[in-house]
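So you can see what is in the structure, the chains are spelled out below.
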Amino acid sequence: MRTYRTYYLTRSCQGNAPSRVVAQGSWANRLRVPRNDSRIITPMRAGDVLSDRFELTAVAGEGGMGVVWRAHDRQNGSDVALKAMLRAGSEEAVRFAREAKVLRELQHPGIVRYIADGASPEGEPWLAMEWLEGEDLATRLARGALSGSDSVSVALGIADALAYAHAQGLVH
């Protein structure tokens, strides 16, 4: 079975050996063979369209469980954040399905809005959420400390969203 890294390098470098050497160095040891019954699944790529609705435009970020794409919603013309799994195994699939279900049921201004979820033709689960423009807290803090009032505002916003989730029976 091809690893995600091999697949990525082959697709992204398209036979260009110098590009592959540079990319391979930056990806070395980044992804490991998954544990348990997991398998690395074929990654999506820019231009792919899911459910005849969401066109992937660019990778926005990635974490241990998946990749987040910026995608265009052909139904309403807006951009969405589309999260796709990197690994498909029973444990990961259950967690991903639970995340989609929980998000579908929550409606709060401090919690990202659910749009849709499904699977690619290859069976890769995905979750579409509203696209939030702006910078993350780490980037903001790199420019300098928040003022006291800004810190209180951020903390109150987080507390309000958590209180709402807790009232719905969810604990983060």
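Heads up: the structure comes first, above all this text.
Right, let's walk through the structure included here. Everything quoted here is computed from the prediction, not taken from an experiment. (Residues numbered from 1 in each chain as written. Predicted model: local features only at pLDDT ≥ 70, side-chain atom pairs only at ≥ 80, totals over all residues. Heavy atoms only, no water.)

### Structural notes on the overall build of the protein chain
Scanning the protein chain from N- to C-terminus turns up five helices and eight strands. Starting at the N terminus and ending at the C terminus, the protein chain contains elements arranged as α-α-β-β-β-β-β-β-α-β-β-α-α. Looking at the protein chain as a whole, 30% of its 172 residues qualify as buried. Considering only residue pairs separated by 6 or more positions, the protein chain has 47% of its internal contacts joining residues 24 or more positions apart. Counting only carbon and sulfur atoms, one obtains 53% of the accessible surface of the protein chain, whose full area is about 10,700 Å². (Helix = DSSP H or I, 4+ residues; strand = E, 2+ residues; numbered from the N terminus. Buried < 20%, exposed > 50% of the residue type's maximum accessible area, 1.4 Å probe, protein only. Contact = heavy atoms within 4.5 Å. Areas by Shrake-Rupley, 256 points an atom, 1.4 Å probe, with all protein chains shown as cover.)

### Considering the environment of His108
With respect to the helices and strands, the residue His108 is situated in the loop between α3 (90–105) and β7 (114–119). Distance in space between the C-alpha atoms of His108 and Ala165 is 8.7 Å, their sequence separation being 57 residues. Those residues in contact with His108 that sit more than four places away from it in its chain are Asp160, Ala161 and Tyr164. Side-chain polar atoms of His108 contact the backbone nitrogen of Gly110, separated by 2.8 Å. (Polar contact = N/O pair within 3.5 Å; in protein donor to acceptor, adjacent residues only side chain to side chain.)

### Let's talk about the nonpolar core
Within the largest apolar cluster, 15 residues are counted, with the highest numbers of intra-cluster contacts made by Met44, Phe54, Leu56, Leu82, Trp126 and Ala128. Of all the elements in the fold, those that place two or more residues in this core are β3 (54–62), β4 (66–73), β5 (79–85), β7 and β8 (125–130). Every residue in contact with Met44, bar those within four places of it in the chain, is listed here: Leu50, Leu56, Trp69, Leu82, Ala84, Ser120, Glu124 and Trp126. Core analysis: the second largest hydrophobic core is formed by 11 residues, Met85, Phe96, Leu103 and Met129 among them. (Core = buried A, V, L, I, M, F, W, Y, C linked by side-chain atoms within 4.5 Å.)

### Comments concerning the sheet that holds β3
With respect to topology, six strands assemble into an open sheet ordered β2-β3-β4-β5-β8-β7, the strand pairing being antiparallel. Only two strands of the sheet have a single neighbouring strand rather than two, namely β2 (49–50) and β7. The pairing of β7 with β8 spans five bridges and is classified as antiparallel. Across the sheet, the residue bridging to Ala119 is Pro125, located in β8. (Pairing = 2+ DSSP bridges.)

### Structural notes on the pairing of β3
In terms of strand pairing, β2 meets β3 through two bridges, oriented antiparallel. Across the sheet, residue Val49 finds its bridge partner in β3, namely Glu55. Between β2 and the antiparallel strand that follows it, β3, lie three residues; Ser51 among them carries a positive phi value of about 55°. Note that β3 and β4 share seven bridges and pair antiparallel. What sits directly across from Leu56, in β4, is Ala71. Where β3 folds back on β4, the antiparallel hairpin that results is connected by three residues.

### Comments concerning helix α5 (residues 148–167)
For α5, built from 20 residues, the straight-helix expectation of 28 Å at 1.5 Å per residue is met to within 8% by its first-to-last C-alpha distance of 28 Å. Where α5 terminates, the next one or two residues include Gly169, which has phi positive at roughly 90°. (Expected span 1.5 Å × (residues − 1).)

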